[in-house]
Amino acid sequence: MLSILIPTYDYDITKLVKELVKQCNTCKIHFEILVYNDGSKSDINLKNKTINSIQNCIFVELPENIGRSAIRNLMGTNANYDHLLFLDADVLPYNKNFIENYLKNLISPVVFGGLTYTEDIPRKPNKLRWLYTKKRESIKGIHASNFLIKKSIFLLYPFDINLTKYGYEDVLFFNLLTEKNIEIKKINNPVVHYGNDDAVTFLVKTEQGIKNLIFLTNRNSIRKESYKIIKVYDFLKKLKIDEVISFIFRISKPLLKKNFNSNYPSIFLYDFYRLGYFCSIKTKQ
C-alpha cells in the first residue's frame, strides 16, 4: 500500500523510522520504509544501519553522492507500493495521526502535508535556519520535505537530474506537475523540522540555491514572474542600479554574516543577502 522514502546524508534517522513504523502498524497497513544514504561516509551510518533489523525497513548506502533529485528518482523507482510518501531525514511527524491522515487522502494524485518549526528556539549560530523555517517555509510554498504521490505519476514526471546540488529541485518538480494539470492537494499534516543548520552551512546552501535558480532562469525552465527575487532584480536592472546593489552586498557581507551568526539574526537582512548574491552573479554574466 505505502512506500515511505527517506533520502539522507549524515543524519540520524532512527527516531523518525521508529515513529513511522509505530504509526503504520497502528493503521494495520502493508508498508515499507526505504532509507538511502547519499554517499555520506559518516559514523552516523553505523547507527542508521540498525534500522535494517526493523521489519519492513531497509537502509541502503550509495557508494557516491548522486544528488538530491537522482536519489529521490532512484527510491521512487525501487519502491514496491503504489503510493510514495517522501520525507526529509531531519523531520518528525507533528502528530500521532500523521500516517492515518495521509491514508485518508490516497485518492488524490499528490498531497502536501506541510512543514512547521520546533517550539524550542535555538541560539546562535543555528537560529537563522530556525527563523527561516518559521517565517518562510512553514507559511508558503510547496516543498519535498513531506508529500505523498502516486507512483504512476512520479514515474512519469520525476525530479530533474540536471540539478545535482541543493536548491529549487523541488520547486521545479512541483511546477512540472502543475503544468501537467496534476492536482496538488494541501492538507494540515505537517512534519516538524529539526535539522537546523548553523548559519555558515545554511548560507552555503542558500548560495547554491541561488545558483540553481539562475541556471533554471537562463534555460527558461521556470516562469520568472513566479519568483519575487527575479522580479526585484529585473526592476533594479531596469533602473540600472543592480550593480550598485551588488557592490553594497560585497562590502557589507562580513557584517551580514556577523548578524546571521548572532542570537538576533534578521530575516530582512537575509532576504537582502539573497538578492545581493543574485545580483552579484547576474552582473558577471
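For the structure, check the block above.
Now for a look at the structure at hand. Source: prediction; values computed, not measured.

Thresholds applied
Residues numbered from 1 in each chain as written. Predicted model: local features only at pLDDT ≥ 70, side-chain atom pairs only at ≥ 80, totals over all residues. Heavy atoms only, no water. Helix = DSSP H or I, 4+ residues; strand = E, 2+ residues; numbered from the N terminus. Buried < 20%, exposed > 50% of the residue type's maximum accessible area, 1.4 Å probe, protein only. Lys, Arg positive; Asp, Glu negative; His and termini not counted. Salt bridge = Lys/Arg side-chain N within 4 Å of Asp/Glu carboxyl O. Polar contact = N/O pair within 3.5 Å; in protein donor to acceptor, adjacent residues only side chain to side chain. Contact = heavy atoms within 4.5 Å. Axes fitted to C-alpha atoms, helices over the stretch in contact; angles between N-to-C directions. Parallel < 35°, antiparallel > 145°, perpendicular 65-115°, else oblique. Left-handed = near helix turned anticlockwise from the far one by under 90°. Pairing = 2+ DSSP bridges.

In this section: the side chain of Asp 170. Structurally, Asp 170 is set in helix H7 (residues 169-179). Despite its burial, Asp 170 pairs with no opposite charge; the closest candidate is Arg 68, at 5.7 Å N-O. One polar contact links the side chain of Asp 170 to the main-chain amide nitrogen of Ala 144, over a distance of 3.3 Å. Setting aside anything within four residues of it in sequence, one finds Asp 170 in contact with His 143, Ala 144 and Phe 159.

Right, let's get into the packing of helix H9 (residues 228-238) against helix H11 (residues 267-282). Contact pair H9 / H11: the axes reach a minimum separation of 10 Å and the direction vectors enclose 55°. With respect to H11, the element H9 is oriented oblique. Crossing geometry of H9 relative to H11 is assigned as right-handed. Only Arg 274, Leu 275, Phe 278, Cys 279 and Lys 282 of H11 make contact with H9, whose side of the interface consists of Ile 229, Ile 230, Val 232, Tyr 233 and Leu 236.

What follows deals with the sheet that holds strand E7 (residues 115-117). Taking strand neighbours across the sheet as the criterion, the three strands line up as E5-E10-E7 in an open arrangement whose pairing is mixed. For this open sheet the edge positions go to strand E5 (91-93) and E7, each flanked by a neighbour on one side alone. With direction set aside, neighbouring strand axes in the sheet form an average angle of 40°. Bridge count for E5 against strand E10 (residues 191-193) is three bridges, and the pairing is antiparallel. Residue pairing in the sheet places Leu 92 in a bridge with Val 192 of E10. Packing of helix H5 (residues 127-137) onto the sheet brings it into contact with E7 and E10, and relative to E7 it is tilted by some 135°.

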